Amino acid sequence: MAARRAKSFAMLANQGNLTAEALDQIHDDVRRLAYDYPQRPLSDLLGDLVQTQETLYNILENRQRPDQARKVYFLTGVVGGLLAKASHDLADPHAAMAQARTAFLCADHADHNGLRAWIRSLQALVSYWAGRHREAINFTQSGTEYALRSRSTSAVSLPINEARSWAALGNSEQAYAAIRRAEDAWDHIQPDEVDELGGLCTFNQNKTIYYAADALAWLPAESSAAQEYAQRAVDAYADESSPDWAFGDQAGSRSDLAIARVSAGELEGAAEAVAPILELDPEHRINGIITSAQRVHKALSSSDLAVSAGELQEQIELFTRTPLKSLPR
């Protein structure tokens, strides 16, 4: 509370003129939130995210020097992107898109191609999990020009997001082409201001492997490749002390491994893969994890294992009854 009061005073001091120290403090706050987001429950961060956004909006309502205004718009765009992800995690795609549109407006004011590309990638992610796959593809293709200019890690996240939606639509050729573009893009990446914030603001190799597994898990004919990618992703997320670790991506990787094993007729292997997910407490049951678990349930129902998979299906149903969005907040 004392730290928050001190920061609030620093923002309002000097009659609304933003000092270099105050701007540095906001930048540090945003970097901490971006870094913590993939690794901590949303309930730990949401209050600080909302407060930081409100602080930035208040600053923008006062006239700032052009060089400072650009930095404030940049940080406001980042926080808007984080809150778009928060709304998505609470299964509210409408609110997520509202936050993302405002964040993109801030990116325009900051004239920052890397931020524009990152937000387009977030919009594609929201659309993908909402089942709007054509819309997701449109977002990835719209963001490509910005990613090419910035050469940030969004040049990887955009095509690998596109791969997931093509696969969900059943187009294996386009899905593989997008996976190859994403993997090849790593040879040309130059991290920018967004990447340097870390956490949710940068894309990494582990995510690339996981998203490829997530794409291939949609394609029954690619179950062998899906299992290979998914096992690599599960291994990559085994170290919870890694700065690249993310509980949502870890759970998603395990869900994809379970789906691939179901396709191979391996019920015990699928149950083993999904077991750690079913132990997650409700505060970690974000929208993506719930939806991934439901995909495992659906894969079981449509497989030759349907009759013998009753117990595992019941466990998944019990797990999905208490998502994060159902908790009081």
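The present account deals with the structure reproduced in this document. Just so you know, these numbers come straight off a predicted model, no measurement behind them.

Things to note about the overall build of the chain
Tallying secondary structure elements over the chain gives 16 helices and zero strands in all. The C-alpha atoms of the chain give 20 Å as radius of gyration, which agrees with the globular expectation for 329 residues (20 Å, within 12%). Taken along its principal axes, the extent of the C-alpha atoms in the chain is 70 × 40 × 35 Å. By residue count, 56% of the 329 residues in the chain fall in the buried class. A fraction of 68% describes how many contacts in the chain between residues 6 or more apart in sequence connect residues 24 or more apart. Put simply, the chain shows about 14,900 Å² of open surface, and 49% of that area lies on carbon and sulfur atoms. A distance of 6 Å separates the average location of the 31 positive side-chain charges in the chain from that of its 44 negative side-chain charges.

Digging into the packing of helix H2 (residues 20–36) against helix H3 (residues 42–61)
Two elements in contact, H2 and H3, have axes whose closest approach is 11 Å; the angle formed by their N-to-C orientations is 145 degrees. As H2 runs across H3, the sense of the crossing is left-handed. Every residue of H3 that contacts H2 at Ile26, Val30, Arg32, Leu33 and Asp36 is listed here: Leu45, Asp48, Leu49, Thr52, Leu56 and Ile59. A per-class count over the contact of H2 with H3 returns seven nonpolar, one polar and three charged.

Considerations on the nonpolar core
Counting 106 residues, the largest nonpolar core has Phe74, Val78, Leu82, Leu115, Trp118, Ile119 and Ile179 as its most contacted members. At ten residues, the largest contribution of residues to this core is made by helix H6 (residues 113–129). Beyond its immediate sequence surroundings of up to four residues, isoleucine 119 is in contact with Gly77, Ala100, Ala103, Phe104 and Ala107.

As for the packing of aromatic side chains
Throughout the structure, instances matching the rule amount to four aromatic pairs. A ring pair is formed by phenylalanine 203 and tyrosine 211, whose centres lie 5.2 Å apart and whose planes are at 85 degrees; its orientation type is edge-to-face. Put simply, the rings of Phe203, Tyr210 and Tyr211 pair up and form one aromatic cluster.

Side note on helix H12 (residues 223–236)
Relative to the 20 Å expected for 14 residues at 1.5 Å per residue, H12 spans 20 Å between its end C-alpha atoms, a close match to the ideal helical length. Where H12 is concerned, the buried positions are Ser223, Ala225, Ala226, Tyr229, Ala230, Ala233 and Val234. Angularly, the buried residues of H12 cover 165 degrees about the axis, an arc narrow enough to put them on a single face. Of the residues in H12, the exposed ones pointing more than 90 degrees away from the buried face are Ser224 and Glu228.

Re the packing of H2 against helix H4 (residues 66–89)
Between two packed helices, the angle of one axis relative to the other and the distance separating the axes together describe the packing. Following both chains from N to C, one finds H2 and H4 inclined at 20 degrees, their axes separated by 11 Å at the closest point. Overall, the two elements H2 and H4 adopt an arrangement that is roughly parallel. At the point where H2 passes H4, the crossing takes the left-handed sense. Contacts between H2 and H4 involve Ala20, Leu23, Ile26, His27, Val30, Leu33 and Ala34 from the first element and Gln68, Lys71, Val72, Leu75, Val78, Val79 and Leu82 from the second. Residues belonging to the contact of H2 with H4 are distributed by class as follows: eleven nonpolar, two polar and one charged.

Side note on the side chain of asparagine 204
Along the chain, asparagine 204 falls in the loop between helix H10 (193–196) and helix H11 (205–216). By relative accessible area, which is 10% here, asparagine 204 ends up buried. Side-chain polar atoms of asparagine 204 contact the backbone nitrogen of lysine 207, separated by 2.9 Å.

Concerning the pattern of salt bridges
Applying the stated criterion across every chain yields a total of 15 salt bridges. In this structure, glutamate 193 engages arginine 70 in a salt bridge whose closest nitrogen and oxygen atoms are separated by 3.2 Å. Pair noted here: glutamate 193 is in helix H10 and arginine 70 is in helix H4, with a separation of 123 residues, a long-range link. With its nearest N and O atoms 3.2 Å apart, the salt bridge here joins arginine 116 to aspartate 111. Judged by relative accessible area, aspartate 111 falls into the exposed class, the value being 56%. If you follow the salt bridges from partner to partner, you end up with Asp36, Arg40 and Asp44 in one network.

Observations regarding unusual backbone geometry
With a phi angle near 50 degrees, aspartate 111 is a residue other than glycine that sits in the positive phi range. For aspartate 111, the position within the fold is in the loop between helix H5 (93–110) and H6. Within the chain, arginine 151 stands out as a residue other than glycine whose phi angle is a positive 60 degrees. Among the structural elements, arginine 151 can be located in the loop between helix H7 (133–150) and helix H8 (154–168). Taking the relative accessible area as the measure of exposure, arginine 151 reaches 35% and is therefore partly exposed.

Details of the state of the cysteines
Tallied over the entire structure, the rule returns zero disulfides. In this structure cysteine 106 is not part of a disulfide, and its nearest cysteine sulfur, from cysteine 201, lies 14 Å away. By relative accessible area, which is 6% here, cysteine 106 ends up buried.

Rules used throughout
- Residues numbered from 1 in each chain as written.
- Predicted model: local features only at pLDDT ≥ 70, side-chain atom pairs only at ≥ 80, totals over all residues.
- Heavy atoms only, no water.
- Helix = DSSP H or I, 4+ residues; strand = E, 2+ residues; numbered from the N terminus.
- Rg over C-alpha atoms; globule rule 2.2 N^0.38 Å.
- Buried < 20%, exposed > 50% of the residue type's maximum accessible area, 1.4 Å probe, protein only.
- Contact = heavy atoms within 4.5 Å.
- Areas by Shrake-Rupley, 256 points an atom, 1.4 Å probe, with all protein chains shown as cover.
- Lys, Arg positive; Asp, Glu negative; His and termini not counted.
- Charge placed at Lys NZ, Arg CZ, Asp CG, Glu CD.
- Axes fitted to C-alpha atoms, helices over the stretch in contact; angles between N-to-C directions.
- Left-handed = near helix turned anticlockwise from the far one by under 90°.
- Nonpolar A, V, L, I, M, F, W, Y, C, P; charged D, E, K, R; others polar.
- Core = buried A, V, L, I, M, F, W, Y, C linked by side-chain atoms within 4.5 Å.
- Phe/Tyr/Trp six-rings, centres within 6.5 Å; stacked < 30°, edge-to-face > 60°.
- Expected span 1.5 Å × (residues − 1).
- Arc of directions from axis to C-beta.
- Parallel < 35°, antiparallel > 145°, perpendicular 65-115°, else oblique.
- Polar contact = N/O pair within 3.5 Å; in protein donor to acceptor, adjacent residues only side chain to side chain.
- Salt bridge = Lys/Arg side-chain N within 4 Å of Asp/Glu carboxyl O.
- Disulfide = S-S within 2.5 Å.

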